[in-house]
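Breakdown of the fold
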Amino acid sequence: MIVMLMHQIFSNDLCRIVNGLLKTALGVPPGSTTTLTTAQDQTFRIESVKCLATIIKSMGSWMDQQLRIGEFAPKVSEASLISIDNPNILIGEDGSGIDYELQSDSGSPDISGPPSLEQRRAYKIELQKGISLFNRKPSKGIDFLIKSKRIGHSPEDVASFLRNTAGLNATMIGDYLGERDEFPIKVMHAYVDALNFEGMGFGEAIRYYLRGFRLPGEAQKIDRIMEKFAERFCKCNPNSFTSADTAYVLAYSVIMLNTDAHNTMVKDKMSKSDFIRNNRGIDDGKDLPEAYLSTLYDQIVRNEIKMSADSSVPQNKQPSSVMKLLGLDNIINFVNWKQAEDRALGANDLLIKNIQEKFKAKSGKSESVFSVITDTTILRFMMEVCWAPMMAAFSVTLDQSDDKAATSQCLQGFRSAVHVTSVMCMQTQRDAFVTSVAKFTYLHCAADMKQKNVDAVKAIISIAIEDGDYLQEAWEHVLTCLSRFEHLHLLGEGAPTDASFLTVPLVESEEKTPKSTTSTSSKRTNALQNPAVMAAVRGGSYDSTTAKNNASPLVTPEQINNFISNINLLDQIGIFELNHIFAHSQRLNSDAIVAFVKALCKVSITELQSPTDPRIFCLTKIVEIAHYNMNRIRLVWTRIWKVLSDFFVSVGLSENLSVAIFVMDSLRQLAMKFLEREELANYNFQNEFLQPFAVVMQKSNASEVRELIVRCVSQMVLSRVNNIKSGWKSVFTVFTAAAADDRKSIVLLAFETMEKIVRDYFPYITETETTTFTDCVKCLITFTSSKFSSDASLNAIAFLRFCAVKLAEEGFVSHEKETDQQPNNLNSSDGNTAVHKDDHVYFWVPLLAGLARLTADSRPTIRKGAVEVLFDILKDHGHLFSQSFWANIFESVIYPLFGNESFTLNGQISSVNSTEDDSWNFQTKMVALKCLADLYITFFEVMRPELSRVTSVVINFIRSPYKQSASTGISVFQRLTEGLASKLSKDEWEKILLCFKESAAHTFVVFDKIVRMMQDIEIPDKNESYSEAEQYSDHDIYNDDEEEANMETASYAIVRMKNHMALQLLIVQGIIKLYETHRSSLCAEHIGIMLEMLSTVASHACQVNSESNLLIKLHKACSLLEVSEPAVIHFENESYRSYLKLLQALLHDNPSLSENMNVESQIMLVCEKILRMYLICAGHEPSNDASGRDLALHWVPLGTAKKEELEVRTSLVLHVMRLLGGLEKDCFRRNLPLFFPLLANLIRCEHSSGEVQLALYDIFQSSIGPIISA
């Protein structure tokens, strides 16, 4: 305690004392007279400085005593009093006390004889001995019980013992569960895995979790226990949080809230808004719902979470001790460090304000009142009054005096001032004192260095070690001094500079260069030849990052000698002291280590940015620091790595290639060390740790750096594959970037590793989240785009097939679920759909969706390979899929393959100038269509409901403007019907035939478009001007251009006309083949649809032939273009011939059905139509006169065109006449009145062949003659 005079000392005397001592320390002002001798004046000045140093030192000592810092910190014996537990009570999982030894005997027979009682007594004594030993030394107690066979040797047995045994000390249970040895960790995992948190709220789960033990006091142990809790909670409630990291952070936050809300020593309680603010962004960068956090806050505040034997633990007077009880003394800082600091500063300001108001209230009283101050915040006000005079006194004296005693007191004053201002969070004052000491080290201008400057370096080292927890931003000044010290130390030993290492290959730079032991003379010789030494001799300002190379062009030997002798002064400080600061970083608190790492990264970047002399001192220390602190609890290490990750990315993208390579190799060393640690499920920290590799790989312009990253990641995967969990995401991100690289060596190197991963380590990929497998598929798909190796591209597709085989082998089967929560879209290959994480079906999703995307690739081999592999996978492994999953496969993977067919859906025809740019797409679709038919036939029973849509997809190809696509559509339709014929019901046959009919009818609109297209186009006669010379003459250019456009349109119309007629004939042939193949499966309704289709096509053919204006224009265009004309007559003939063929076949195959369908009359009508068309062509259109006589008076010879048309029609007429001649007598007699006038007209017609007359002769003689004779 310090008794302070509140009026005089605090407001006036302290200020007067310090200012007076300052004046004395500065000595007599220039121009003033004094009676003091020089020696007396010097003594006064030294004593004044000593007095100031003592004042600030006493402040620091009182502060340490009040805050229990350093030598005043509580001893272990004091802290142990906090955690007194009741050893007699342990709550079992069901909430009741369980006697383990009685339970263990419950299965034995009830023998009441003396031997049995004695054995049970011995057993209990042995068990109680083990329990007693456990309550003192948990590990020894467990070992004793296992060796005496009182408990089993497996982790599950020990965990059951800890859960269910009465008499165990709850604190010792928690202590044992938090141990870092392998067996206790397995026991802890078994202990937690035996708990079921399914359906529990988060607060309820923590409350349930902490009923069986007390959290240990060591932060590392708490970290392991809470980490496992978060994993188990997320496994029991897979849709609760994005990852286990969220549950982990929230668990700490809940424990903090519980302590804050229910400890009487905590006055400033956490509000609900504070709790919500503290937990912002913890769910993978997103906020948890505010209502959820609000409810959780209310639960904890209303109902305290009481750990086992809480009632026996006495309250401690210090809130910090309560935090230590839970091991949370540092956790408050790193969960909400900013708010805590702001709150403390606000409290300090209020205290100072209250004190000042008391001073004012009592200023009018004459009596002196002494007040006892116990709150250290008063030091802030005192330091604000006296820090500037003190720093002035220390600085001036240290600068002007070389007296050992004076400089020692000044440095001690600086040392104490830094301590007080640091602990009291006085940032401005702290930085001022630290900067002053750093400047007095003269490490920036070593040529002027003296012993006092070396002592200043020692003071800096002392500050770093003793006050590291409070330096915060001031660490940058300290580390800058250490960096400069190390640089001078290496120059003094004559060792080569870091720049020389960075100019040689990486392998050589990794070898340690032995320290030089040269003599002083050789050092001097080397110094004269070393540009770095010359620059150091010239020196620079404290704030400069490099020495002033141009300040003095010449450096004399005398300057070199002075520099080397001054450097020798630094030998008083060994490298051990320097390294001790970094090794000591393990003891820094959570805020301090983060500030330390930030400052170290900042200084390192300054070192590396030197264009002439880059240095890696701080970079190597960063690697060391990461090694030292890697075992910190996750929350702290996460903050540390956030800083380091940004640093590695920044330096990894450096323009200095050697620096970038060095830093990536350093990151590799850290990653190899980090991956030795096992990561629990649902965590994401491995991915965050390896993320710098992925970022640099994606952004670096240096191929050497990218290749090194691929090699580093490959080495990590192959050597640490057992431990990689969430890290797979970054691994595949790196390889995905490598797959798209512009260097062949990088692509092939990455693919070689991917090949090994998929072949040898596939189970490690699928044992983690679905997104890991998604990333693997994305990576393989990227390799298919490789421009360097087609083999690699095709192998990547083959590996996708291999992945499917592996999934099937490992039993990733889609089972039908009772719930209706089935996925609606399989294209979400990013794996972020909100589904049950254990649903194996979602491992197939990215694989199938990825292959579906590859079917649109621009390379034919990739498209073909992707289609084949996709459908092979579905065909080979489709038996593993449920009906609902099949439905989603069709909806999201298969149907989209055929979805870009707008020309077929709206009947539009491509423009005249369009070409078949998408023909490659149709080729792929045709292959896919054939595969689809085979697939659907194979799994028809499962996918029967998809019949209509599958048929529509197939039939839609008939609407294609491309002949090949339409032909494929008809061919595949026939294959589909052949495969399903015996399985289809009557209604299903009707559905697919109606679909066929609809699509066939839809093709007629093409002809209408052709008619409209040619309607306003004029085609010149052949004898008119249409030559190249005239087309491009100097006259009538506009007309020539229009004529050229017309001819292009006509040319396109000709092609479309030919394709249209060919398509109609394909449809006709398809109908005939369909009947011939499946006649036994078809009923009257089905055949009626087919007959209607043939009749429609025949009528359409007749309509096409009747468009005389169109045919004339096409004739002229074909003559000018010297191309063959569309075979319109052939189209018409074949349409009617096929129609007749089906009618005849039906009449022959099924007479009874034919009679019901009136097939005979249909045949006669078709025959009449054919004969009339022939007569019209021959110029003898049948008269409507009842007598049947032709009224024409003149006979006109046929022209050449008509003769040619008659020749084409002759075969069909002969077919009709043979059909009529072959009719039964009764049938012929019934229909003779209809045909006789037509036959009579044929007698007087001009024919192109004598066969027509012979056919007429046969009819009259064999059929008509007998009727007349009768």
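All of these numbers come straight from a predicted model, not from anything done at the bench.

Glancing now at the overall build of the protein. Secondary structure assignment for the protein yields 58 helices and 2 strands. The buried share of the protein, taken over its 1270 residues, is 51%. Long-range pairs, those at least 24 residues apart, make up 76% of the contacts in the protein with a sequence separation of at least 6. Accessible surface, the protein: about 58600 Å² in total, of which carbon and sulfur atoms supply 51%.

Moving on: the nonpolar core. With 372 residues, the main nonpolar core has L162, F202, W475, F693 and F871 as its most contacted residues. Here this core takes 14 residues from helix α50 (residues 1037–1078), the largest share from any one element.

What follows concerns the packing of helix α21 (residues 451–466) against helix α28 (residues 575–583). Contact geometry of α21 with α28 gives a least axis separation of 9 Å together with a crossing angle of 25 degrees. Here α21 is positioned roughly parallel relative to α28, judged by the angle of their axes. For the crossing formed where α21 meets α28, the hand is left-handed. Of the residues in α28, those touching α21 at I461, A464 and I465 are E577, H580 and I581. When its residues are assigned to classes, the contact of α21 with α28 shows 4 nonpolar, 1 polar and 1 charged.

Looking at the protein, the pLDDT average stands at 77 and 76% of residues meet or exceed 70. Within the model, the stretch residues 310–348 combines pLDDT values under 50 with 78 contacts to residues more than four positions away or in other chains. For the stretch residues 901–917, pLDDT sits under 50, and the model shows 32 contacts to residues farther than four places along the chain or on other chains.

This part takes up the environment of A1145. Mapped onto the elements of the fold, A1145 is located in helix α53 (residues 1128–1149). Sequence separation of A1145 and Y1075 is 70 residues, and the distance between their C-alpha atoms is 9.3 Å.

Applying the stated criterion to the full structure yields 47 aromatic pairs. Ring plane angle 40 degrees and centroid distance 5.0 Å describe the contact between W886 and F939, whose orientation is recorded as tilted. Of this pair, W886 sits in helix α42 (residues 883–894) while F939 sits in the loop between α44 (919–938) and α45 (947–956), and the two are 53 residues apart along the sequence. Ring centres of F890 and Y895 lie 5.7 Å apart, and the angle between their planes is 55 degrees; on these two criteria the pair is classed as tilted. Judged by its relative accessible area of 1%, F890 falls in the buried class.

Cut-off values and rules
- Residues numbered from 1 in each chain as written.
- Predicted model: local features only at pLDDT ≥ 70, side-chain atom pairs only at ≥ 80, totals over all residues.
- Heavy atoms only, no water.
- Helix = DSSP H or I, 4+ residues; strand = E, 2+ residues; numbered from the N terminus.
- Buried < 20%, exposed > 50% of the residue type's maximum accessible area, 1.4 Å probe, protein only.
- Contact = heavy atoms within 4.5 Å.
- Areas by Shrake-Rupley, 256 points an atom, 1.4 Å probe, with all protein chains shown as cover.
- Core = buried A, V, L, I, M, F, W, Y, C linked by side-chain atoms within 4.5 Å.
- Axes fitted to C-alpha atoms, helices over the stretch in contact; angles between N-to-C directions.
- Parallel < 35°, antiparallel > 145°, perpendicular 65-115°, else oblique.
- Left-handed = near helix turned anticlockwise from the far one by under 90°.
- Nonpolar A, V, L, I, M, F, W, Y, C, P; charged D, E, K, R; others polar.
- pLDDT = per-residue confidence, 0-100.
- Phe/Tyr/Trp six-rings, centres within 6.5 Å; stacked < 30°, edge-to-face > 60°.

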